[in-house]
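Structural overview for review
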Amino acid sequence: MRTTGLLLLVVHLLTVGWLTLRPRTVPWVPAANVKPLASITAELAHGPWAALHNLGGSMLLLAPLGVLLPLAAGRLNVSPLVSLTRTVFAGAMIALSIEVLQSAVPGQVPDIDTVLLNTAGVALAHLAVVPRARAGLRRRKEDCQGATPTIPRVGLAPQADVLAAYRTYL
């Protein structure tokens, strides 16, 4: 699963890079937005459907990272809060890197609100999928392993012989 997650992660990042970092030929480019929530407020002023279309696209662009980053890590037994924190931080750093790189591309305009929306999309995708998927994978792993055998009437598991390979039988 790690290999699949890593492969999907690389493909997704290459696709995002191609979509966001190629030059555009446009006659006019707005100024860069460095004031948080300014473009979100402007989009909401245009109405709910226009805002959903424009803001939703920014949220969906990096949302798959919320699932692909933990999948590429391949950890089943990790705290949900630690996993969320790691994933959201990595998603925020990727979004910030894309915006910094966009400042050097003709026709692309950096926007701090895009970083916020991309990070929110990563967090929502992680919260919606990863905890339930990990719980299901842990349950499946436990079912495959079966229960630990116990000694009848005592209820304890037998002690494993750690050095069995070094024991000689005479």
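Everything here concerns the structure above.
The text that follows walks through the structure, step by step, so that each part is easy to find.

This next bit is on the overall build of the chain. Within the chain one finds 6 helices and 0 strands. From first element to last, N terminus to C terminus, the chain shows the α and β order α-α-α-α-α-α. A burial count over the chain gives 28% of its 170 residues as buried. Within the chain, contacts between residues at least 6 apart in sequence are counted, and of these 76% link residues at least 24 apart.

Before going further, it helps to examine the environment of P36. Secondary-structure assignment places P36 in the loop between α1 (2–20) and α2 (38–45). With a relative accessible area of 51%, P36 lands in the exposed category. Linking P36 and V115, residues 79 residues apart in sequence, is a C-alpha distance of 9.6 Å. When residues no more than four places from it in sequence are discounted, the contact partners of P36 are I112, D113 and L116.

For the pair α1 and helix α4 (residues 65–73), interaxial distance at closest approach is 7 Å and the crossing angle is 140°. As judged from the angle between their axes, α1 and α4 are oblique. The handedness of the crossing between α1 and α4 comes out as left-handed. Between α1 and α4, the contacting residues are R2, G5, L6, L8, L9, H12 and L13 on the first element and L65, L68, L69, L71, A72 and A73 on the second.

Our next topic: the side chain of D111. Tracing the sequence through the fold places D111 in the loop between α5 (80–102) and α6 (112–145). Polar contacts involving the side chain of D111 include one to the side chain of S39, which spans 3.0 Å. Once residues within four sequence positions are removed from consideration, D111 is found in contact with N33, S39 and E99.

On to the nonpolar core. Among the nonpolar cores identified, the biggest contains 11 residues, and these are L9, V16, L62, L65, L68, L69, A72, A95, I98, V115 and V122. Within the residue set of this core, elements represented by two or more residues are α1, α4, α5 and α6. Counting residues per element, this core draws most heavily on α4, at 4 residues.

It is worth spelling out the environment of F89 at this point. With respect to the helices and strands, the residue F89 is situated in helix α5. According to the relative accessible area criterion, F89 is exposed, its value standing at 53%. Expressed as a C-alpha distance, the spacing of F89 and V122, which sit 33 residues apart in the sequence, is 9.5 Å.

Moving on: the side chain of R134. As for its position among the elements, R134 is in helix α6. With residues up to four places along the chain from it excluded, the contact list for R134 reads P70, R75, L76, V78 and S83.

The next point concerns the packing of α2 against helix α3 (residues 48–61). One can describe the packing of α2 onto α3 by two numbers: an axis separation of 7 Å at closest approach and a directional angle of 145°. Counted together, I40, E43 and L44 of α2 and A50, A51, N54 and L55 of α3 form the full contact between these two elements. Of the residues contributing to the contact of α2 with α3, the split by class is 5 nonpolar, 1 polar and 1 charged.

Definitions and cut-offs
- Every residue gets a number counted from 1 within its own chain, in the order that chain's sequence is written.
- Residue-level local features of this predicted model are given only where pLDDT is at least 70; pairs of side-chain atoms are given and counted only at 80 or more, and the full residue set underlies all totals for whole chains, interfaces and linings.
- To get the side-chain values, take all heavy atoms of the structure and skip hydrogens and water.
- Going along the chain from the N terminus, every DSSP run of H or I of four or more residues is numbered as a helix, and every run of E of two or more is numbered as a strand.
- Burial here depends on accessible area, computed with a 1.4 Å probe over protein chains only, as a share of the maximum for the residue type. Under 20% is buried, over 50% is exposed, and the range in between is partly exposed.
- Any two residues having at least one pair of non-hydrogen atoms within 4.5 Å are treated as being in contact.
- A fitted line through C-alpha atoms serves as each axis, taken over the contacting stretch for helices, and the angle formed by two N-to-C directions is quoted from 0 to 180°.
- Just so you know how the angles are binned, under 35 degrees is roughly parallel, over 145 roughly antiparallel, 65 to 115 roughly perpendicular, and the rest oblique.
- We call a crossing left-handed when the near helix sits turned anticlockwise from the far one by less than a right angle, and right-handed when that turn is clockwise.
- Polar contacts, as used here, are pairs of N or O atoms within 3.5 Å; protein pairs need one atom able to donate a hydrogen and one able to accept it. Residues neighboring in sequence count only if both atoms are side-chain atoms.
- Note on terminology: a nonpolar core comprises buried Ala, Val, Leu, Ile, Met, Phe, Trp, Tyr and Cys residues joined through side-chain atoms within 4.5 Å.
- All amino acids are sorted into three groups, where Ala, Val, Leu, Ile, Met, Phe, Trp, Tyr, Cys and Pro are nonpolar, Asp, Glu, Lys and Arg are charged, and the leftover types, Gly among them, are polar.

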